[in-house]
Amino acid sequence: MENFAIHIHESYLYGLPLSVVNLIVMFGAAFVVLLGFVAPFAGLLSFIERRIAARIQCRIGPNRVGPQGLLQFLADGVKSLFKEDLIPKVADKPLFIIAPYLVFLGMFTSFVVLPFSSQWIVADLNVGILYLFATAAITVVGLVMAGWGSGSKWSMLGGMRSAAQIISYEIPTGLAALTAILLAGSLSLQEIIAAQGPHPWQWYFFDNPFTFIAFFILFVALVAEGNRAPFDLPEAETELVSGYNTEYSGMRFLFFFFAEWAHLYVLGAILTTLFLGGWQVPESLLASVGAESIAARILELVFFQLKIYVLVFLVVQLRWTVPRVRMDQMMDMCWKYLVPIGFFCVAGVAIWMMLFPDGVSFVKYLLIAFSSAMVLYYFYKVYRNFKDSRAELELNPFV
Amino acid sequence: MNFNNQVSRIKEKFADLEIKSEESQAGDPYVWVPANKITEVLTFLRDDEELAFDCLSNLTGVDAPPDDLDVVYHMFSYNKQHSLTLKVRVSKSKPDVASVEKLYPTANWQEREAYDLIGVNFTGHSDLRRIMLPDDWVGHPLRKDYQEEEEYRGIDTTRPNLLEM
Amino acid sequence: MGIQTEEMMLNMGPQHPSTHGVIRFVVKSDGEVMTEAVPDVGYLHRSIEKIGEICEYNGFMPYTDRADYLSAMNANQGYAMVVEKLLGLEIPERAEYLRVIAAELNRIISHILSLGAVAMDIGAATPFVLALKEREKVNDLMEALCGQRLTYSYVRIGGVSYDMPPGFIERSLKFLADFEPFMDEFENLVPENKIFIERTAGVGVITREDAIAYNLVGPNLRASGVDWDLRRDMTYSVYPKLQFEVPVGVGSQGVVGDSFDRFIVRIKEIKQSISLLKQCFAQIPEGDFLGEIPRVMKPAVGECYVRTESSRGDMGYYLISDGSKNAFRVRIRTGSFTSMSIIEKISRGMMLADLVTFIASLDVVAPEIDR
């Protein structure tokens, strides 16, 4: 990056001081990442979510723009750009304007530390996991600002709800992540992945019963932090009209959704990194394409993405299947169940590590068998639903 | 209990009152009750073991031209499965009827509607406001002599004949 | 010294996603918990009762559709019955059967929409879409029957406007055979969901005494444990010839009369309607669909109050005739109006999210409140 900045400085912008050029290059890079990376991810996820939701609801979903409606998100984005940008008279203007960008910033910056493969990472921070949680907290500020700045009571209720919800759920998130950190002995995401292996019995998910539970705590807590159903209380459309984004329109409105879908991806990435072995690819497969080649990196990326999209699918399915919980029930769940169990898991992992420094293979295989049974049961249920369903429900993904 | 038994039961209790039953040419019979006694009669109807009217099915006002208003009570009993219609007549110049909201909570809204559309003044009602129409509406539309205002807050209520335009 | 706090006044409606039409609630809330919610109705008042005094008897029929557009057949039937009673008309048996078929199909339409709306208001979008999909099929049947999909005006004074089209019975039976498993699926999908139970059980409990005192009717009344159905207990039309059960709330997940009970009662009523329809299709006799009716309807002087079991319960028509071509007074007593009046009492101290559940579970329909 610095070489690139110097190159730019020498070739094109020699009239400016180097620090300014550095800044320009950094913003340029961020712009490229935003346009070329995060936006398509968020957009594609929006397409995926809409198609899955449509299939769950016996609809077709977007299928007109581009092949199979794949470019629908571009059309929506362009449409939003051309929409009138309404700012209510009573709104607190500066807050109202900044809020969506802050929300998006929180999600966007977390992409910096996501390990896409063993070498493809923007910055392998030695406090990567802390950085992830810290940037997620910026989102709360944005949501509260949006709620307050709109000058609408519904928005304010939504903002307050999101503040209460996200801050509460940071605690179980941190506790659950702590189990993986304890096992790896590092806060760096790359090192956490490197400490695991490509095979399921090497993942932290199956390392011991406590990490097994911690995975589910982290899953629930991250879904709650992302304001996704069944925890979408801040924007509960039937209660608070639309919550914190009630007064927004056009591109600003879209930014909230960008953030939501980006979070969906980050959620999958965090879970994959901490518990599912990240980008790890089996040695033999890696050797067959050459361990140092670009193909190996792509293979790692594909493995990472696959794991993420399985989780994303689960979250999307969850959203379109269950109703919304109530505020007090959600708080109860966090403080009365997730937090104590989280503490229990952290203590459990610590004791486990003391007792069995090398792990217990028997427990690992038992957990794998149990999970496999659960997955099989899930498929059996889905199969039965398809079998019992009437003709029009048959799955045909390409309509 | 059929209509005649019901009426005689009420007349036993309120012997001194001018309670008269009336059979219409078609449809249901009904009972006239003096306006100042409606609360007592309804209390009796509700509490009496043989009548046991626990439900006020319908309460409404009817214009009785030229200068009277009727309030109609359709009573019903879930226990005994019988019903009875009561009517009260008041004059338009002083349309006061005691509210039965205390006896039957459902009367709260039904009386508000009767007040709004017919203009019966229910004395003792806890919250006698207009319910269907805006608070600043003039007149009671379901009266036969109701004259529509020319405009409401600057909005014309009439529209020109399309053929003459 | 504590921090000074004050209640927040929230204006819920007339445009709010969960008020099902244009109803307004003035909510005073202390954060998430409300201190009171005062309903403000009248935004959809179209003075249907005044129109009834201006129209001739036949001409008022389409307006009864608009009184309750989700259950127009039942509203039609009630009005036809009250006029027939004043005129002393006998109507052919086939017409009675056709009316009941139409009314029960309409009950399915209305209830399935209500069930979907409850799930929607609790935050589950999918059941609503599934419910609407089935509703469309019933709408198709209705279209075959009378050419309309929402406001039918199918019932006429003295009978019905058209006979069944050829093949209607087969088509309906085919639909019902498909619809019955759907209801089982729906019952599996929604009321057995843990979050759904948590959100509805014990929420908005209406006791038996309150239900009668506030004159709740129909499924809401039955959910509170009152075993009462006009079709069975003050029977009319051909209902005495049909076998059906009256579902009553039992408080299977919480307290009798909670939102969950109201939901379950509606599901069970749909199943009863399916059985009623099958019986009707098996029994329906040949004959006229429209009886002998006078060219000019001039009922004798008198008055009549007729109650029918509409989708939202007891729908009462009070008609006064002064012997002329027009009614002297038409009064429509609807279930939603009285359901609405209980909200202020029950909603004290509820959470904001529960108010939404409660309103949805009462199945209030704005035009029916305001008329």
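Residues numbered from 1 in each chain as written. Chains lettered and ligands numbered in written order. Predicted model: local features only at pLDDT ≥ 70, side-chain atom pairs only at ≥ 80, totals over all residues. Heavy atoms only, no water.

**Describing the overall build of chain C**
Part 1 of the reasoning: The helix and strand inventory of chain C stands at 14 helices and eight strands.
Part 2 of the reasoning: For chain C, whose C-alpha radius of gyration is 21 Å, the value lies close to the compact-globule estimate of 21 Å for 371 residues.
Part 3 of the reasoning: Principal axes of the C-alpha set define a box for chain C whose edges measure 80 × 45 × 35 Å.
Part 4 of the reasoning: Residue pairs at least 24 apart in sequence account for 72% of intrachain contacts in chain C once pairs closer than 6 positions are excluded. (Helix = DSSP H or I, 4+ residues; strand = E, 2+ residues; numbered from the N terminus. Rg over C-alpha atoms; globule rule 2.2 N^0.38 Å. Contact = heavy atoms within 4.5 Å.)

**Concerning the interface of chain C and chain A**
Part 1 of the reasoning: With 36 residues of chain C in contact, the opposing surface of chain A contributes 27 residues.
Part 2 of the reasoning: Contact between chain C and chain A buries roughly 2,800 Å² in total, counting both sides, with carbon and sulfur atoms accounting for 60%.
Part 3 of the reasoning: A per-residue breakdown of the area chain C buries against chain A is headed by E32(C), T126(C) and I195(C), which together make up 17% of the total.
Part 4 of the reasoning: For the pair chain C and chain A, the interface holds two salt bridges. (Buried area = accessible area lost by both parts, 1.4 Å probe. Salt bridge = Lys/Arg side-chain N within 4 Å of Asp/Glu carboxyl O.)

**Notes on the nonpolar core**
In globular proteins that are soluble, nonpolar side chains generally tend to be buried together.
Part 1 of the reasoning: Membership of the largest hydrophobic core comes to 100 residues, with the highest contact counts inside it found for F111(A), L274(A) and F275(A).
Part 2 of the reasoning: Broken down by element, the residue count for this core peaks at 16 residues, all from helix α9 (residues 250–275) of chain A.
Part 3 of the reasoning: Not counting the four nearest positions on each side in its chain, L274(A) is found in contact with I129(A), A177(A), A180(A), I192(A), Q196(A), Y204(A) and L218(A).
Part 4 of the reasoning: In this structure, I108(C), V118(C), M164(C) and V246(C) belong to the second largest nonpolar core, which totals 81 residues. (Core = buried A, V, L, I, M, F, W, Y, C linked by side-chain atoms within 4.5 Å. Buried < 20%, exposed > 50% of the residue type's maximum accessible area, 1.4 Å probe, protein only.)

**Overview of the sheet that holds strand β3 (residues 33–40) of chain C**
Residues and elements named next belong to chain C.
Part 1 of the reasoning: Strand order in this open sheet of three strands is β1-β2-β3, and the pairing throughout is antiparallel. Strand pairing shows two members of the sheet lacking a second neighbour, β1 (8–12) and β3, which therefore form its edges. Geometrically, the sheet is characterised by an average inter-axis angle of 20 degrees between neighbouring strands, direction not taken into account.
Part 2 of the reasoning: Sheet topology places β1 next to strand β2 (residues 24–30); five bridges connect them, and they run antiparallel. Directly across from M12, in β2, lies its bridge partner F25.
Part 3 of the reasoning: Packed onto the sheet, helix α12 (residues 335–346) meets β2 and β3 and runs at close to 155 degrees relative to β3. (Pairing = 2+ DSSP bridges. Axes fitted to C-alpha atoms, helices over the stretch in contact; angles between N-to-C directions.)

**Describing the arrangement of the chains**
Part 1 of the reasoning: Pairwise contact counts over the two pairs of chains in contact peak for chains B and C.
Part 2 of the reasoning: Separated throughout, chain A and chain B approach each other most closely at a C-alpha pair spaced 25 Å apart.

**A look at the environment of D47(B)**
Residues and elements named next belong to chain B.
Part 1 of the reasoning: Mapped onto the secondary structure, D47 falls in helix α2 (residues 38–47).
Part 2 of the reasoning: A relative accessible area of 49% places D47 in the partly exposed class.
Part 3 of the reasoning: Sequence separation between D47 and G61 is 14 residues, and the spatial gap between their C-alpha atoms is 25 Å.
Part 4 of the reasoning: Among the polar contacts made by the side chain of D47, one reaches the side chain of R46 at a distance of 3.2 Å. (Polar contact = N/O pair within 3.5 Å; in protein donor to acceptor, adjacent residues only side chain to side chain.)

**Observations regarding the domain arrangement of chain A**
Residues and elements named next belong to chain A.
Part 1 of the reasoning: Assigned domains of chain A: these are domain 1 (88–357) and domain 2 (360–399).
Part 2 of the reasoning: A C-alpha centroid distance of 25 Å is found between domain 1 and domain 2.
Part 3 of the reasoning: Every contact between the two is made by 12 residues of domain 1 and, on the other side, 10 residues of domain 2.
Part 4 of the reasoning: Of the roughly 980 Å² buried where domain 1 meets domain 2, counting both sides, 75% is carbon and sulfur surface.
Part 5 of the reasoning: For domain 1, the biggest contributors to the area lost against domain 2 are W201, F206 and F212; these three give 51% of the whole.
Part 6 of the reasoning: Linking domain 1 with domain 2 are one salt bridge, by the criterion used here.
Part 7 of the reasoning: Here K364 and D207 are joined by a salt bridge, their closest N and O atoms 3.8 Å apart.
Part 8 of the reasoning: Across the contact surface, domain 1 and domain 2 share one residue pair in polar contact (both at pLDDT 80 or more). (Domains from an automatic or database assignment.)

**Some points on a negative patch on the surface**
Part 1 of the reasoning: Together, E148(B), E149(B), E150(B), E151(B) and D156(B) make up a negatively charged patch on the protein surface.
Part 2 of the reasoning: Following the sequence through the fold, E148(B) ends up in the loop between β8 (121–123) and β9 (151–152). (Patch = residues over 30% accessible without salt bridge, like charges linked within 9 Å, V, L, I, M, F, W, Y side chains within 5 Å. Areas by Shrake-Rupley, 256 points an atom, 1.4 Å probe, with all protein chains shown as cover. Lys, Arg positive; Asp, Glu negative; His and termini not counted. Charge placed at Lys NZ, Arg CZ, Asp CG, Glu CD.)

**Observations regarding the packing of helix α4 (residues 93–122) of chain C against helix α11 (residues 259–283) of chain C**
All names here are of chain C.
Part 1 of the reasoning: In contact at an axis separation of 9 Å, α4 and α11 are set at 155 degrees when each is read in the N-to-C sense. Comparing their axes, α11 and α4 come out roughly antiparallel. Here α4 runs over α11; the crossing is left-handed. The residues of α11 that touch α4, namely those facing Y97, V100, I101, E104, L105, R107, I108, H111, I112, S114, L115 and V118, are F263, R266, I267, E269, I270, S273, I274, L276, L277, C280, F281 and Q283.
Part 2 of the reasoning: Considered class by class, the residues forming the contact of α4 with α11 number 16 nonpolar, four polar and four charged. (Parallel < 35°, antiparallel > 145°, perpendicular 65-115°, else oblique. Left-handed = near helix turned anticlockwise from the far one by under 90°. Nonpolar A, V, L, I, M, F, W, Y, C, P; charged D, E, K, R; others polar.)

**Some details on the interface of chain B and chain C**
Part 1 of the reasoning: Across the boundary between the two partners, chain B contributes 38 residues, which contact 40 residues of chain C.
Part 2 of the reasoning: Contact with chain C buries area across many residues of chain B, yet Y78(B), W109(B) and M132(B) alone supply 22% of it, more than any other trio.
Part 3 of the reasoning: Where chain B packs against chain C, one counts four salt bridges.
Part 4 of the reasoning: The partner of K144(B) in a salt bridge is E53(C), with the nearest N and O atoms 3.1 Å apart.
Part 5 of the reasoning: Taken together, chain B and chain C are joined by 16 residue pairs in polar contact (both at pLDDT 80 or more).
Part 6 of the reasoning: In terms of residue class, the side of chain B that touches chain C is built from 19 nonpolar, 12 polar and seven charged.

**A closer look at helix α13 (residues 352–362) of chain C**
All names here are of chain C.
Part 1 of the reasoning: Counting buried residues along α13, 11 of its 11 residues qualify, which places the element largely inside the surrounding structure.
Part 2 of the reasoning: The set of residues buried in α13 consists of L352, A353, D354, L355, V356, T357, F358, I359, A360, S361 and L362.
Part 3 of the reasoning: A positive phi of about 60 degrees marks D363, the residue just after α13.

**Observations concerning the pairing of strand β4 (residues 55–64) of chain B**
Part 1 of the reasoning: With 10 of 10 residues buried, β4(B) is to be regarded as a mostly interior element.
Part 2 of the reasoning: Connecting the antiparallel pair β4(B) and strand β5 (residues 68–76) of chain B is a turn made up of three residues.

**Points about the side chain of S310(C)**
Part 1 of the reasoning: By secondary structure assignment, the location of S310(C) is in strand β6 (residues 302–310).
Part 2 of the reasoning: Within the local environment of S310(C), its side chain forms a polar contact with the side chain of S71(C), the two groups lying 3.5 Å apart.

**Remarks on α11(C)**
Part 1 of the reasoning: Here α11(C) is 25 residues long and its end C-alpha atoms lie 36 Å apart, about the 36 Å a rise of 1.5 Å per residue gives.
Part 2 of the reasoning: Burial analysis of α11(C) places 19 of its 25 residues in the buried class, which makes it a mostly covered element. (Expected span 1.5 Å × (residues − 1).)

**Let's talk about the packing of aromatic side chains**
Residues and elements named next belong to chain A.
Part 1 of the reasoning: Applying the stated criterion across every chain yields a total of 45 aromatic pairs over all chains.
Part 2 of the reasoning: On the basis of an interplanar angle of 85 degrees and a centroid distance of 5.4 Å, the ring pair of F215 and F216 is categorised as edge-to-face.
Part 3 of the reasoning: Aromatic rings pair up to connect W203, F205, F206, F212, F215, F216, F275 and F370 into one cluster. (Phe/Tyr/Trp six-rings, centres within 6.5 Å; stacked < 30°, edge-to-face > 60°.)

**Examining the pattern of salt bridges**
Part 1 of the reasoning: Counted by the stated rule, this structure contains 64 salt bridges over all chains.
Part 2 of the reasoning: With a shortest N-O distance of 3.6 Å, D332(A) and K336(A) are connected by a salt bridge. One end of the pair is D332(A) and the other is K336(A), both in helix α12 (residues 327–355) and four residues apart, which spans about a single turn.
Part 3 of the reasoning: Here D332(A) falls in the partly exposed class, since its relative accessible area comes to 32%.
Part 4 of the reasoning: A relative accessible area of 55% places K336(A) in the exposed class.
Part 5 of the reasoning: Between D68(C) and R312(C) there is a salt bridge; the shortest N-O distance is 3.0 Å. Taken together, the residues D68(C) in the loop between α2 (61–67) and α3 (72–87) and R312(C) in the loop between β6 and β7 (313–321) connect sequence positions 244 residues apart.
Part 6 of the reasoning: What makes D68(C) buried here is its relative accessible area of 0%.

**Notes on the domain arrangement of chain C**
Residue and element names in this part refer to chain C.
Part 1 of the reasoning: Each assigned domain of chain C is listed with its residue range as follows: domain 1 (1–45) and domain 2 (49–359).
Part 2 of the reasoning: Put simply, the middle of domain 1 and the middle of domain 2, counted by C-alpha atoms, are 29 Å apart.
Part 3 of the reasoning: Across the boundary between the two partners, domain 1 contributes 16 residues, which contact 14 residues of domain 2.
Part 4 of the reasoning: The contact between domain 1 and domain 2 buries some 1,400 Å² in all, and 70% of this surface belongs to carbon and sulfur atoms.
Part 5 of the reasoning: Linking domain 1 to domain 2 there are one salt bridge.
Part 6 of the reasoning: R348 is the partner of E36 in a salt bridge, and the nearest nitrogen-oxygen pair spans 3.5 Å.
Part 7 of the reasoning: Scanning the region where domain 1 abuts domain 2 turns up four residue pairs in polar contact (both at pLDDT 80 or more).
Part 8 of the reasoning: Looking at the side of domain 1 that touches domain 2, the elements that each hand over two or more residues are β1, β2 and β3.
Part 9 of the reasoning: Top element by residues in the side of domain 1 that touches domain 2 is β3. It accounts for seven residues.

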